[in-house]
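# Remarks on the overall topology
These are the residues of each chain, in order.
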2 protein chains.
Amino acid sequence: MSGEDAPAQQQNAEETKQETKPSEEPKAESKPESPAKAAEAAATSATTEKVPEEDQFTYRSLVLSGYGGYDKVKLQVKKGKPTLKAGEVMVRVKACGLNFADLLARQGLYDRLPSPPVTPGMECSGEIEAVGEEVTDRKVGDKVLVLNRCGMWQDVAVVPATHTFLIPEGMTFEEAAALPVNYITAYMMLFDFGNLRPNQSVLIHSAAGGVGIAATQLCQTVKDVTVFGTASASKHETISQGGVTHCIDYRTRDYVEEVRKISPKGLDIVLDPLGGSDTQKAYNLLKPMGKLITYGAANMLAGQKKNLLAVAKTWYHQFSIHTLSLIQNNKSVCGFHLGYLDGEVEIIQKAMATILELYRQGKIKPRIDSTYHFEQVGDAMRRMQERNNIGKVILITEPMPEEEKKEEPKKEDKKKDDKKKDDKKKDDSKKEEKKDDKKKEEPKKEEKKEEEKKEVKKEEEKEEPKEEK
Amino acid sequence: MSGEDAPAQQQNAEETKQETKPSEEPKAESKPESPAKAAEAAATSATTEKVPEEDQFTYRSLVLSGYGGYDKVKLQVKKGKPTLKAGEVMVRVKACGLNFADLLARQGLYDRLPSPPVTPGMECSGEIEAVGEEVTDRKVGDKVLVLNRCGMWQDVAVVPATHTFLIPEGMTFEEAAALPVNYITAYMMLFDFGNLRPNQSVLIHSAAGGVGIAATQLCQTVKDVTVFGTASASKHETISQGGVTHCIDYRTRDYVEEVRKISPKGLDIVLDPLGGSDTQKAYNLLKPMGKLITYGAANMLAGQKKNLLAVAKTWYHQFSIHTLSLIQNNKSVCGFHLGYLDGEVEIIQKAMATILELYRQGKIKPRIDSTYHFEQVGDAMRRMQERNNIGKVILITEPMPEEEKKEEPKKEDKKKDDKKKDDKKKDDSKKEEKKDDKKKEEPKKEEKKEEEKKEVKKEEEKEEPKEEK
């Protein structure tokens with residue numbers, strides 16, 4: 001997954017234009033931010049008829065302009081057809097997946113994303129629009145899903161052909177975009193490091209998240225695996241239907257106690273996306289021969305912008321283990337992050353082949369939580385960061401219709417109700433271990449207020465056009 | 001594996017007698033160390049005819065009398081038939097295995113062995129002589145191999161029936177005693193933590209040792225596994241025939257460089273019995289998704305008695321890993337020690353069943369390096385500690401015939417020649433990383449001198465009896 005391609009591609013684009021407000025016809029219209037850019041745009045527009053096709057080529061791209069809040073990801077129009085090197089293909093993107101790493105990256109907490117300005121996004125799906133030299137196993141029109149280090153959140157992506165995988169019959173673009181990161185992550189953790197076998201037990205944190213849903217489904221492919229899943233209470237019904245044996249509301253319960261009640265000897269595998277003090281808890285929960293697989297530091301994420309206290313606290317509590325302790329406990333500690341598996345094409349291709357075969361057999365199916373247009377990327381990120389999603393949050397490249405701009409996406413509305421329910425259930429009288437969780441929730445409340453303000457604003461906007469009509 | 005049984009058994013023995021010199025008929029004869037014990041023994045002897053059978057019952061037992069050198073393990077005669085609790089069996093021991101943990105234990109560096117006086121030994125083979133209540137799957141006369149926390153180095157051992165395994169047809173008692181610790185260790189590391197699969201690569205340190213030979217054989221059961229094995233040059237032919245693809249003489253070569261030359265990307269699995277700075281090297285040698293399995297701290301062992309410098313150095317360099325490093329490298333660090341798998345009967349039984357099946361299929365076969373009588377336990381330990389063995393060092397309970405006492409075991413002589421060859425090949429102009437190894441070798445030279453002195457003494461003894469004849 002040598003993501004160097006993406007930044008390179010960005011440089012190919014001769015000019016970039018800032019879309020301050022989303023436009024229906026991005027290729028033609030664009031509203032540059034600065035007078036200089038406006039002049040440029042005017043000049044370009046004036047010479048449109050004379051320039052060759054390559055230069056007329058424009059596409060929309062989400063660009064992280066600097067580290068910070070949701071507004072740091074901006075929709076821009078890029079000009080100039082990307083050139084293809086040998087072994088590369090150009091993909092007309094239809095849908096992109098959102099991942100936790102994208103949220104960390106926005107705050108400057110993910111070192112695999114090159115410095116801004118840069119287009120984030122590790123996965124997408126679409127159709128091949130052009131193939132470079134030496135590409136023999138892909139052709140124009142192939143429907144593919146793509147895994148790359150970054151640069152997937154745009155209309156057009158240029159990637160090595162080896163980073164693309166043919167989409168099986170019957171799989172939607174949304175499902176395809178939801179597949180690579182979450183399912184490869186879950187697969188490698190459970191079946192490579194975890195060596196999951198029948199009758200074992202697994203703890204899946206954030207069981208309603210993208211990796212959580214994927215891991216739960218993959219656990220079902222092995223006989224008699226007991227899945228403990230943490231999620232807020234409102235999500236329990238869904239994850240239980242998805243295969244979680246024991247749902248634990250981490251907001252109102254101490255998950256360590258809950259697991260011990262049911263499985264006093266502990267667990268065979270713990271998947272830990274949280275980091276900080278939760279990694280130690282995970283380690284303690286392991287049975288002899290148990291495997292802890294840590295794959296993130298979600299505890300670092302507290303609020304829209306980088307929260308230095310949360311970062312410092314997570315670092316401070318970050319787990320460090322002495323080998324003699326591992327020996328005396330017969331335990332295993334593994335770290336996984338797909339973003340660091342750069343260049344391991346063989347590993348990825350093998351995992352992906354198995355995952356696509358499991359899809360064909362009907363054993364796994366990505367759960368799409370919600371889809372957002374590029375114009376709504378901030379809302380999409382907020383949904384994920386506030387953990388309101390059950391399953392995957394997807395961005396689609398299809399420009400947002402004018403009328404939709406005045407409405408919230410339907411799914412989003414439904415889930416917001418869920419969120420409100422969750423908030424009501426919040427229990428502030430937590431034990432010591434719960435303090436971390438509270439820290440995460442506090443900023444959420446603040447953002448919720450912001451969100452409410454925005455909703456009011458949108459309502460106003462909604463009424464205005466009506467008057468125009 | 002609840003090893004509490006062994007010390008309990010020891011308490012059952014009414015009296016223990018020290019055998020300062022091995023005796024041909026240990027049940028009848030014994031030469032107590034102290035006048036007090038001599039008096040006791042005389043008293044016991046006088047009442048022999050009156051006491052019931054249980055009290056007449058005697059057996060020989062190797063007892064660790066205190067931490068220190070080879071002479072701290074003494075052969076004693078114990079009196080009184082051990083009583084059986086429900087679920088236990090009494091085994092008439094034929095052969096016992098020597099393990100690295102026994103050497104560490106003798107120096108007080110292994111916390112799973114209860115405090116002296118105590119009988120060491122984690123494995124043995126023999127015949128069942130009595131079964132306790134509630135034992136349904138074992139009967140008198142069954143040939144079994146036994147795995148226990150300690151207490152196996154004696155003529156008679158009482159253990160839970162669940163710690164015994166029926167010996168397959170055609171397996172000798174020596175092979176059976178060589179099997180449990182080494183093969184379960186190698187099996188669990190390679191197939192549970194290691195998740196070994198076709199086309200992978202494995203580094204096996206001390207490839208000529210018990211675990212090394214077992215691991216090499218188990219690697220052959222998986223298709224196209226490349227085995228890198230370290231051993232001194234004189235052992236290369238043997239381990240190469242056993243399945244090691246690339247033999248590395250760690251005494252004259254930097255094994256890290258040698259591995260990198262052949263496999264620049266690194267390895268899938270490293271088995272690390274050394275600890276200290278070698279664990280970091282092992283970690284660095286891993287490919288992405290690689291697994292380091294550390295299972296000892298052999299580097300702590302330098303010389304016959306506890307070498308505080310070696311212990312401190314090993315501790316100081318002992319590997320400690322931060323989970324963020326694991327994540328960014330996609331690596332796994334596991335610790336294994338069979339001695340700490342107490343009570344995990346199910347795990348052990350499953351592994352043992354597979355191992356015995358592999359033996360039946362002719363896929364594995366323990367390699368016996370040498371066998372020693374109980375009277376020669378010091379020599380047996382020295383052979384292992386000085387790493388002169390290729391395969392397993394075995395103790396047999398059969399008392400040493402008078403004539404043999406004046407001779408060295410044949411195999412031992414052969415291997416001593418090997419050792420001398422090794423010593424000749426020693427290259428003192430090593431790089432920085434080699435210093436550890438040198439430290440290990442220095443005490444060896446001292447001990448060699450001791451050994452030579454002993455040999456001279458034995459030669460003298462040898463001649464004396466001739467004169468007697």
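The shown structure was predicted, so the numbers you read here are calculated from the model rather than taken from an experiment.

Summing up its helical and strand segments, chain A has 16 helices and 17 strands in all. Classification of the 469 residues of chain A by burial places 59% in the buried group. Put simply, of all contacts in chain A between residues at least 6 apart along the chain, 73% involve residues at least 24 apart. Of the roughly 19,400 Å² of accessible surface on chain A, a fraction of 49% belongs to carbon and sulfur atoms.

To continue, consider the domain arrangement of chain A. Residue and element names in this part refer to chain A. According to the domain assignment, chain A contains domain 1 (56-180 + 339-400) and domain 2 (194-335). Relative placement of domain 1 and domain 2: their C-alpha centres are 27 Å apart. At the junction of the two partners, domain 1 supplies 23 residues and domain 2 supplies 21 residues. Where domain 1 abuts domain 2, roughly 1,800 Å² becomes buried across the two surfaces, and 61% of that area is made up of carbon and sulfur atoms. When the area that domain 1 buries against domain 2 is broken down by residue, the three leading residues are Q107, R387 and I390, summing to 32%. Our enumeration of links across domain 1 and domain 2 arrives at zero salt bridges.

This brings us to helix α6 (residues 180-193) of chain B. Residues and elements named next belong to chain B. Given a rise of 1.5 Å per residue, 14 residues ought to cover 20 Å, and the 18 Å separating the end C-alpha atoms of α6 matches this to within 8%. Burial runs high along α6: 13 of the 14 residues are buried. In the stretch just after α6, N195 is the one whose phi turns positive, near 50°.

Bringing the relation of the copies chain A and chain B into the picture now. Mapping chain A onto chain B calls for a screw motion: a turn of 180° about the axis and a shift of 0.0 Å along it, with 0.0 Å RMSD after fitting. Within this description, the copies of the chain are treated as partners about a two-fold rotation axis. Both copies present the same face, since 100% of the interface residues in chain A are matched by interface residues at the equivalent positions in chain B.

This part is about the pattern of salt bridges. Residues and elements named next belong to chain A. Tallied over the entire structure, the rule returns 35 salt bridges over all chains. For the salt bridge of R383 with D369, the shortest nitrogen-to-oxygen distance reads 2.6 Å. A residue pair is termed long-range when its members are at least 10 positions apart, and R383 in helix α14 (residues 377-385) and D369 in strand β16 (residues 368-373) qualify at 14 residues. Several salt bridges share partner residues, and in doing so they unite R60, D155 and E375 into one network.

Bringing the environment of L338 of chain A into the picture now. Residues and elements named next belong to chain A. By secondary structure assignment, the location of L338 is in the loop between β15 (332-335) and α13 (345-360). What makes L338 buried here is its relative accessible area of 4%. Sequence separation of L338 and V202 is 136 residues, and the distance between their C-alpha atoms is 20 Å. With residues near it in sequence (within four places) discarded, L338 still touches L147, P180, V181, I184, T185 and I348.

Residue and element names in this part refer to chain B. Between α6 and helix α13 (residues 345-360), whose axes approach to 10 Å, the crossing angle comes to 100°. Accordingly, the angle class assigned to the pair α6 and α13 is roughly perpendicular. Of the residues in α13, those in contact with P180, Y183, I184, Y187 and M188 of α6 are I347, I348, A351, M352, T354 and I355. Residues belonging to the contact of α6 with α13 are distributed by class as follows: 10 nonpolar, one polar and no charged.

On to the sheet that holds strand β13 (residues 286-294) of chain A. Taking strand neighbours across the sheet as the criterion, the 12 strands line up as β11(A)-β10(A)-β9(A)-β12(A)-β13(A)-β15(A)-β15(B)-β13(B)-β12(B)-β9(B)-β10(B)-β11(B) in an open arrangement whose pairing is mixed. Strands at the two margins of the open sheet, each flanked by one partner only, are β11 (246-248) of chain A together with β11 (246-248) of chain B. Ignoring which end each strand starts from, the neighbouring axes of this sheet average 15° apart. Bridge count for β15 of chain A against strand β15 (residues 332-335) of chain B is three bridges, and the pairing is antiparallel. Bridging across to β15 of chain B, S332 of chain A finds its partner in C334 of chain B. Seen against the sheet, helix α6 (residues 180-193) of chain A touches β9 (201-204), β12 (267-272), β13 and β15 of chain A together with β13 (286-294) and β15 of chain B and runs at an angle of roughly 35° to β13 of chain B.

Looking now at the packing of aromatic side chains. Throughout the structure, instances matching the rule amount to six aromatic pairs over all chains. Between the aromatic rings of Y187 of chain B and F191 of chain B, the centroid separation amounts to 5.3 Å while the plane-to-plane angle is 45°, which identifies the pairing as tilted. Of the two residues, Y187 of chain B and F191 of chain B are both situated in helix α6; the distance of four residues between them amounts to about one turn of the helix. Between K331 of chain A and the ring centre of Y283 of chain A, over which it is positioned, the NZ or CZ distance is 4.6 Å.

The next thing to look at is the pairing of strand β2 (residues 58-64) of chain A. Buried residues dominate β2 of chain A, accounting for seven of its seven residues. On β2 of chain A, burial covers both faces: T58, R60, L62 and L64 of chain A on one face and Y59, S61 and V63 of chain A on the other are all buried.

Turning next to the interface of chain A and chain B. The partner chain B presents 39 residues to the 39 residues of chain A that form the contact. Counting the surface lost from both chain A and chain B, the interface buries some 3,500 Å², and carbon and sulfur atoms represent 58% of this. Interface area lost by chain A to chain B is led by M289, T323 and I327 of chain A, which between them contribute 18%. Scanning the region where chain A abuts chain B turns up six salt bridges. A salt bridge links D192 of chain A to K291 of chain B, with the nearest nitrogen and oxygen atoms 2.4 Å apart. Inspection of the region where chain A meets chain B yields 19 residue pairs in polar contact (both at pLDDT 80 or more). Listing elements by their share of the side of chain A that touches chain B, those giving two or more residues are α6, β13, β14 (320-322), α12 (323-329) and β15 of chain A. Considering only residue class, the side of chain A that touches chain B consists of 18 nonpolar, 14 polar and seven charged.

This part is about the environment of N307 of chain B. Residues and elements named next belong to chain B. With respect to the element layout, N307 can be found in the loop between β13 and α11 (308-317). You can call N307 partly exposed: its relative accessible area is 23%. In the structure, N307 is positioned 200 residues away from Q107 in sequence and 8.9 Å away in space, judged by C-alpha atoms. The residues touching N307, leaving out its near neighbours within four places in the chain, are Q107 and A302.

Thresholds, definitions, all that
- Residues numbered from 1 in each chain as written.
- Chains lettered and ligands numbered in written order.
- Predicted model: local features only at pLDDT ≥ 70, side-chain atom pairs only at ≥ 80, totals over all residues.
- Heavy atoms only, no water.
- Helix = DSSP H or I, 4+ residues; strand = E, 2+ residues; numbered from the N terminus.
- Buried < 20%, exposed > 50% of the residue type's maximum accessible area, 1.4 Å probe, protein only.
- Contact = heavy atoms within 4.5 Å.
- Areas by Shrake-Rupley, 256 points an atom, 1.4 Å probe, with all protein chains shown as cover.
- Domains from an automatic or database assignment.
- Buried area = accessible area lost by both parts, 1.4 Å probe.
- Salt bridge = Lys/Arg side-chain N within 4 Å of Asp/Glu carboxyl O.
- Expected span 1.5 Å × (residues − 1).
- Least-squares fit on C-alpha atoms with pLDDT ≥ 70 in both.
- Axes fitted to C-alpha atoms, helices over the stretch in contact; angles between N-to-C directions.
- Parallel < 35°, antiparallel > 145°, perpendicular 65-115°, else oblique.
- Nonpolar A, V, L, I, M, F, W, Y, C, P; charged D, E, K, R; others polar.
- Pairing = 2+ DSSP bridges.
- Phe/Tyr/Trp six-rings, centres within 6.5 Å; stacked < 30°, edge-to-face > 60°.
- Lys NZ or Arg CZ within 6 Å of the ring centre and 35° of its normal.
- Polar contact = N/O pair within 3.5 Å; in protein donor to acceptor, adjacent residues only side chain to side chain.

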